[in-house]
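# A look at the structure
What follows is each chain in one-letter form.
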Amino acid sequence: MRSKRFVVLLVIVAIVGIIVSLAAWCFLELIYQIQRELWTHLPHALGYQNGPPLWWGLPVLAVAGLLVALAITRLPGEGGHLPARGLAVGGKPASPIDLPGIALAGLAAIGSGLVIGPEAPLIAIGAGVALLSIKLARREMPPQVLVIVAASGSFAALSFIFASPLIAAVILIEATGIGGPRLPLILLPGLLAAGIGTLVSIGMGSFTGLSSSAYALGPLALPHFAHPTIGQFGWTIAIAIAIAVVTRAIMVGGMSTYGVVARRLLLFLPVVGLIVAGLAIAFHGATGKNVNEVLFSGQDALPGLVEQAGTWSVGALLLLILLKGIAYSLSLGSFRGGPTFPAIFLGAAAGVAASHLPGFTLTPAVAVGIGAATVAVLRLPLSAVVLATLLSVKSGTGDEPLIIVGVVVSYLVTLLLSPKPSGSTAPESPEQTANPARPAAAEPS
C-alpha cells in the first residue's frame, strides 16, 4: 500500500470514479425524468389537468413489462440481476456489452413505477463503466487490479442513491465478505470512489440545477427520541419477528413468480404489470390514498409517509403493506432492479402502524421497522443497522439499541425460515446460468 503502484491505482480509481459518477448521475436523472414525463407531463398534455386518471398505470406498466421482456430476451446480459435473489455483488462484474440491456431494463421498470429500486442496476453499471473506461484507455492491468477498479466503480455509483457515501461503502463491503489483508486494498479505493461520487452529485446539482434530492434518500424527519424502555424492547422483538416472517413470504413469492414468468417473458411480464397497476387501483378505491403509495420503489414516498404518519389509520397502513407487498413480490420475480428501497418503505410503514401500540412511539417504531425489513431482504446485519441509524439520525441516538435488537432478531428469524443452502431447489436465474461465478448477498430458495 505504500508503493508507487498503489498510489497510481488510487489516481486511476479517482479518474474512473468521476466517469462512473457521471454515468450514475445520468442513469438516476433519466429515471427521474421518465417518471415525471409518464406520470405528470404526459397526462397533462393529454388534457388531464388534475393528474393522471385512475386507469393510467394499466397501459404504462403493461408497456414497461414488454420493454423489460425485450431487454431480457433480445439484448446481452439478460437485463441484469434478478432482484428476488437479493442484492448481487462481487464475482465477475457486468461486461460493457451487457450495459445497454441492464440500463434499458432498469429504466423501463423503475421509471414506469414498478416496485423495485435502482441499486442493483447502479452496481452493475458502476462496475461495467469502470471496466469500459480502462478498456478504452487501452491500459493492460492484472485481473486483481481490474477487480479493484470495478469494485470502486460500484462504490461510486451506489453512493448516489444515499445522502451518505458511508451507507454504500458498508453495504458493498459486507455483501462481498471482504476481510483480512484484502480489506484495505478494496476499502481505500472504494471509499475514495464513493466520496468522489458524492462530490460529483453535488457538483452536477449545482451545475445543472437538477438536485440529487429528487432520488437520494437522506435522514428522515422523526421526533426526538431520548432512550428506550423495557416495554419498547418487547415491542421491538415482536415487530422484528412479524416483519421477518412477512418479508420472507415476499421473497419466496418473488422466486415463485420467477418460476412462472420465466417460461414466457413477453407474455407474462405485461400481465404482471397490469396486476401491479390493479393492486394500486384497489388500494385507492379502499382508502382514497394515491396509487403512487403502492407503485414505485418507495424512496420518494418515504419522507411523506413518516411526516404525515398521523393521517394514516392502522387499517390503511395494513392494507398498504399487504397490497404493496404483493406488488413488490411480483416485481421481484419478474423485472430487473434492486430489492432494497421497497423493503425500507414497507418496514417504515410497518413501523408507523406499530407506533399505535401502547408505549411505542413513532421514532423507534419506524427505525426498527426499517432495520428489520432491510436485513430480512439483504441478510446484511451491519448494513441494516447503519442504514436504519443514519435514516433516523435526526432524532438522536436513543433508538440505536432498539435498532440493533430488531435487526438481530429479524436476521435470526430469516435464517430460521430459510432452507439450508445445500437443500436449495430454487430455479436458476438467467444471470447465474450465464455467469455462475456471480454470488448474491442474499439468495432465498
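Refer to the structure printed above.
The structure contained in this document is the topic of the report that follows. Since the structure is predicted, the reported quantities are computational estimates derived from the model, not experimental observations. (Residues numbered from 1 in each chain as written. Predicted model: local features only at pLDDT ≥ 70, side-chain atom pairs only at ≥ 80, totals over all residues. Heavy atoms only, no water.)

### Notes on the packing of helix 8 (residues 230-261) against helix 13 (residues 362-378)
We apply this condition: Here an angle of 0 to 180 degrees is reported between the N-to-C directions of two axes, which are lines fitted to C-alpha atoms, with helices fitted over the stretch in contact. A run of DSSP states H or I qualifies as a helix once it reaches four residues; a run of E qualifies as a strand once it reaches two. Both are numbered from the N-terminal end. Should the near helix be turned anticlockwise from the far one by less than a right angle, the crossing is left-handed, and should it be turned clockwise, the crossing is right-handed. The criterion used for residue contact is that any of the two residues' heavy atoms lie within 4.5 Å. Note on residue categories: nonpolar means Ala, Val, Leu, Ile, Met, Phe, Trp, Tyr, Cys or Pro, charged means Asp, Glu, Lys or Arg, and polar means any other residue, Gly included.
For the pair helix 8 and helix 13, interaxial distance at closest approach is 9 Å and the crossing angle is 40°. Helix-helix and strand crossings are classified by hand; for helix 8 and helix 13 the assignment is right-handed. Where helix 8 approaches helix 13, its residues Thr236, Ala240, Ile243, Ala244, Thr247 and Met251 are matched on the opposing element by Val368, Gly369, Ala372, Ala373, Ala376 and Val377. Here the contact of helix 8 with helix 13 is composed, by residue class, of nine nonpolar, three polar and no charged.

### A word on helix 12 (residues 340-354)
Working note: α-helix, 3.6 residues per turn, so residues spaced by three or four point in the same direction. Put simply, the test is: Given the number of residues in a helix, its expected span is that number minus one, multiplied by 1.5 Å. For the exposure calls, accessible area comes from a 1.4 Å probe over protein chains only, and a residue counts as buried if that area is under 20% of its type's maximum, exposed if over 50%, partly exposed in between.
For helix 12, built from 15 residues, the straight-helix expectation of 21 Å at 1.5 Å per residue is met to within 8% by its first-to-last C-alpha distance of 21 Å. Among the 15 residues of helix 12, 15 are classified as buried, and the element is accordingly described as predominantly covered.

### Considering unusual backbone geometry
At Glu78, a position not held by glycine, the phi torsion is positive, near 50°. Secondary-structure assignment places Glu78 in the loop between helix 2 (57-74) and helix 3 (99-112). Even without glycine at this site, Arg379 takes up a positive phi of about 60°. Along the polypeptide, Arg379 turns up in the loop between helix 13 and helix 14 (381-391).

### Comments concerning the environment of Gly406
Considering the arrangement of structural elements, one finds Gly406 in helix 15 (residues 400-417). Through-space distance from the C-alpha of Gly406 to that of Ala372 is 5.7 Å; in sequence the pair is 34 residues apart.

### Focus: the layout of surface pockets
Formally: A cavity here means a set of 1 Å grid points, computed over protein atoms only, where a 1.4 Å probe fits but cannot escape. A pocket is an open set with protein on both sides within 12 Å along at least 5 of 7 lines, and lining residues have an atom within 4 Å of a point. Grid points are joined across faces, edges and corners, and a volume is the space filled by probe spheres set on the points.
Computed from the structure, the second largest pocket encloses a volume of approximately 490 Å³. As for the second largest pocket, its lining consists of 23 residues, and the residues nearest its centre are Gln35, Asn292, Phe296, Asp300 and Ala301. For the lining of the second largest pocket, the leading source of residues is helix 1 (residues 4-45), giving seven residues. For the lining of the second largest pocket, the class distribution of residues is 13 nonpolar, seven polar and three charged.

### A look at the environment of Phe6
Note on placement: Phe6 falls in helix 1. Classification of Phe6 by relative accessible area gives buried; the value is 8%. Along the primary structure Phe6 and Val145 are separated by 139 residues, whereas in three dimensions their C-alpha atoms are 9.8 Å apart.

### Details of the environment of Gly359
Its location among the elements puts Gly359 in the loop between helix 12 and helix 13. Looking at Gly359, the relative accessible area reads 53%, which means it is exposed. Placed 130 residues apart in sequence, Gly359 and Thr229 show a C-alpha to C-alpha distance of 8.7 Å.

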